[in-house]
Protein chains: 2
Amino acid sequence: MAMASIVTVGNEILSGYVVNTNTAYLAGKLLETGVCVVSEHTAGDEEEAIIKALRLAADEADLIIVTGGLGPTEDDLTREALARFLETELELDKKLLQKIEGIFRGRGISMSANNKRQAFIPKGATAIANIIGTAAGIRAEWKGKIIFVMPGVPYEMKLMFEKSILPEIKKIQDKKGGVKVIRKINCFGEGESKIAEMLGDLGSRERNPQINYTVDCGTVTIHITTTGRDRKEAEELADKDEKNITKRLGKLIFSKGDLSLEEVVGELLVQKGKTIATAESCTGGLLAKMITDAAGASRYFLQGWVTYSNSAKIKELGVEADIIERNGAISEETAAAMAKGARQKSGADYTIAITGIAGPEGGSEQKPVGLVFISVDSEGGTDTKKFVFRGDRASIRKRAAKTALNLLRLKLQID
Amino acid sequence: MAMASIVTVGNEILSGYVVNTNTAYLAGKLLETGVCVVSEHTAGDEEEAIIKALRLAADEADLIIVTGGLGPTEDDLTREALARFLETELELDKKLLQKIEGIFRGRGISMSANNKRQAFIPKGATAIANIIGTAAGIRAEWKGKIIFVMPGVPYEMKLMFEKSILPEIKKIQDKKGGVKVIRKINCFGEGESKIAEMLGDLGSRERNPQINYTVDCGTVTIHITTTGRDRKEAEELADKDEKNITKRLGKLIFSKGDLSLEEVVGELLVQKGKTIATAESCTGGLLAKMITDAAGASRYFLQGWVTYSNSAKIKELGVEADIIERNGAISEETAAAMAKGARQKSGADYTIAITGIAGPEGGSEQKPVGLVFISVDSEGGTDTKKFVFRGDRASIRKRAAKTALNLLRLKLQID
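Asker: Where do I start with the sheet that holds strand 11 (residues 219-228) of chain B in this structure?
Answerer: Backbone hydrogen bonds hold the strands of a sheet together, and the pairing may be parallel or antiparallel. Residues and elements named next belong to chain B. What the 4 strands build is an open sheet, ordered 10-11-9-12; its pairing is antiparallel. Sheet topology places strand 10 (210-216) and strand 12 (253-256) at the edges, where each strand pairs with a single neighbour. Going from strand to strand, the sheet's axes swing by 25° on average, the running direction of each strand aside.

In structure tokens:
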């Protein structure tokens, strides 16, 4: 297997201003490709520190993946450090300069002198195109090792990595041989320890595959990691575990691979030719936002209401003032009336309504922070459920929206 | 100033299963205390790799902060690695064993043999209490350096760090003298390189304070990092730069410190006793979600519409079908009509409407992906602006919502 080391450059990481999500992304992608990540080093915005991190990485791995420090300002020093590490100099890449100038022309603004720095790369290295930003990447070789440098901005980095770097890494890994296969199974509806209990012996550390769990606001993802002499062997072992897990967990599983809960719901709606609308109170638009995160959501998502105030619930969704007065805005009755009203007004096949207390204020002994009612309405009737979610405001809102999507998913799988 | 290096242990980081949030937390806390974090190294669950990372850290810093690898299972090897690094052996800490046994008795379950491993620490080191879990921390000294080892579970780590480790680090830092002061200034409306140009000489690498930038979907945060012999000196230097930057950037600055754009808008609305409503198409609820992320948003946020389909724009917001037919749903005219309609229906003092193409599909030469119209309506009239945002679907949506909030912020600061 090819070995990789990840180098992150930036004071923003060492000062805690920014969480290093790039490493997790890159490590995940490399692992999927079968490349073993042996270490990660973070250096501040200083030439000496960056050079040191490059040396450490080169000492440990064949592939050195660097992010950060390619911006236009004086604290962006990865170019300089890389040149010194390679024992060479920076030179102006005229084609690259033209590209950067073109980007500014396209945006109709003048290029600042700072940006010219971004057209310099070490002698003998090549620029990697950045199709959405001015910071080009750099590919260099050193004593049989390959160094890829990318900007630190996550979406620029991801696009560059997938378009221009991953294909070469795949080829390198194929030549090296030895294969790791990763499968992901995503569940919603039970916690990690309950799911681990249901999988029992499969979780043993002595087995191949290895089973790992990650958890994100109610979603439990099972990672099956298999190693084999070749792809066939590894895939077969993974297949066997995947089937076994699928059987044991049943409806708790909403997808395999990278498909999110909202994408699964979207696919089900498209398959069945059905439409949806939302009526939200405490989640404040988060549910609609999650549904429309998926490209092509306009095929099934008609509209959403964020009826934060009581009068909006009454005026926009036709909830009877009397229902709110008698039961409160946070009640099973109000949730159901919101869902029904939204269906009548939108003409959608399915509607989801959420009303609750996201906190930190507004809770009482009878109606604590985290109390949420979720109602799904369709031709078949109205299902309303009560939940008490734990956590802070952001996680209560996220859990509520995800639980709502999961209720709709289960309904769509039956209907 | 005291120098620290952070060592993270765990395959889950190097495989991308888990994002390393511990480092950002620790780096932030250390920096607040005035300790300079010089590097971060991540090692997998292997003794040799952990020892190597400890050596790197000891080479660079006086304080070595380690997280992870203290669990009860066979892949938790930080204890063994630390003992070998210290050139000593693990020994059973009987008091610690009693504590761990006590935890299991308290939970009413029998202790597994594995957990006994957690009662071993290197000779000469001391255990650090874990009041919510079975993994105790370890404090060790080595050639004048201090090593703190904590469990990797974020909430256990944080509690242990704040209760038992930070007080000692503060004392060490006080003895060392030298103080670091950090200020944050948040801007919106120009890119990083333009802002750096406006700050000119202030960005020089040779100065104290040092100026750094972080960028997040249009928000540029300027970090002023000042070092001084004592707090007074550092604060005075920081004050001077802050004033200077405030003067140079003017209205580009929306806040100082940790206040987000949506919180600033919320504060302005509360100050002025005004209310708001939203009408969104391409952002699909994101703007309403951001506004309601702030606790207490019900004081000024009345309601929101997500009018994804044309018929919803017509029916809910009273946009004339003719306007959409003549100009298209993505047009200045439609945006303005959405904002006006939302104000009429909601009775809010201010309304924001967004319509655009978030992509990846749906663009054309005349109306490319990223084209967004944002309209702010109030008693004073309707302001509609056209933007072309770059990036993927998620960042176009985020930029659109943030730009909308910024337009409202600027309006509120004048009104």
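Having put the structure on the table, let's press on.
Asker: So what exactly am I meant to see when it comes to the nonpolar core here?
Answerer: Across soluble globular proteins, nonpolar side chains show a tendency to be buried alongside one another. Counting 245 residues, the largest nonpolar core has Val-37 and Ala-404 of chain A together with Val-37 and Ala-404 of chain B as its most contacted members. In this structure, Val-37 of chain A is in contact with Ala-4, Ile-6, Ala-27, Leu-30 and Leu-31 of chain A together with Leu-14 of chain B, ignoring residues within four places of it in sequence.

Asker: For this particular structure, what's the right way to read the sheet that holds strand 11 (residues 219-228) of chain A?
Answerer: Residue and element names in this part refer to chain A. If you trace the 4 strands from one edge of the open sheet to the other, you get 10-11-9-12, paired in antiparallel fashion. Where the open sheet ends on each side, the last strands, each with one partner, are strand 10 (210-216) and strand 12 (253-256). Mean inter-strand twist for the sheet, computed between neighbouring axes without regard to direction, equals 25°. Note that strand 10 and strand 11 share 7 bridges and pair antiparallel. Each bridged residue has a counterpart across the sheet, and for Asp-216 the counterpart in strand 11 is Thr-219.

Asker: For this particular structure, what's the right way to read the environment of Phe-148 of chain B?
Answerer: Residues and elements named next belong to chain B. Tracing the backbone shows Phe-148 in strand 8 (residues 145-150). Look at Phe-148 and you get buried, because 23 C-beta atoms sit within 10 Å. Taking the C-alpha atoms as reference points, Phe-148 and Thr-67, 81 residues apart in sequence, are found 8.4 Å from one another. Sequence-distant contacts of Phe-148, defined by excluding residues within four places in its chain, comprise Ile-65, Val-66, Gly-137, Arg-139 and Ile-165.

Asker: Which parts of the structure should I look at to understand the pairing of strand 13 (residues 276-280) of chain A?
Answerer: Looking along a regular strand, one sees the side chains alternate between the two faces of the sheet. Residue and element names in this part refer to chain A. Judged by how many residues are buried, strand 13 sits mostly within the fold: 5 of 5 residues are covered. The alternating pattern of strand 13 places Ile-276, Thr-278 and Glu-280 on one face and Ala-277 and Ala-279 on the opposite face, and all of these are buried. The pairing of strand 13 with strand 14 (residues 301-307) spans 5 bridges and is parallel. Across the sheet, the residue bridging to Ile-276 is Phe-301, located in strand 14.

Each value, and the rule that gives it
- Residues numbered from 1 in each chain as written.
- Chains lettered and ligands numbered in written order.
- Predicted model: local features only at pLDDT ≥ 70, side-chain atom pairs only at ≥ 80, totals over all residues.
- Pairing = 2+ DSSP bridges.
- Helix = DSSP H or I, 4+ residues; strand = E, 2+ residues; numbered from the N terminus.
- Axes fitted to C-alpha atoms, helices over the stretch in contact; angles between N-to-C directions.
- Core = buried A, V, L, I, M, F, W, Y, C linked by C-beta atoms within 7 Å.
- Buried ≥ 20, exposed ≤ 12 C-beta atoms within 10 Å, placed from the backbone.
- Contact = placed C-beta atoms within 7 Å.

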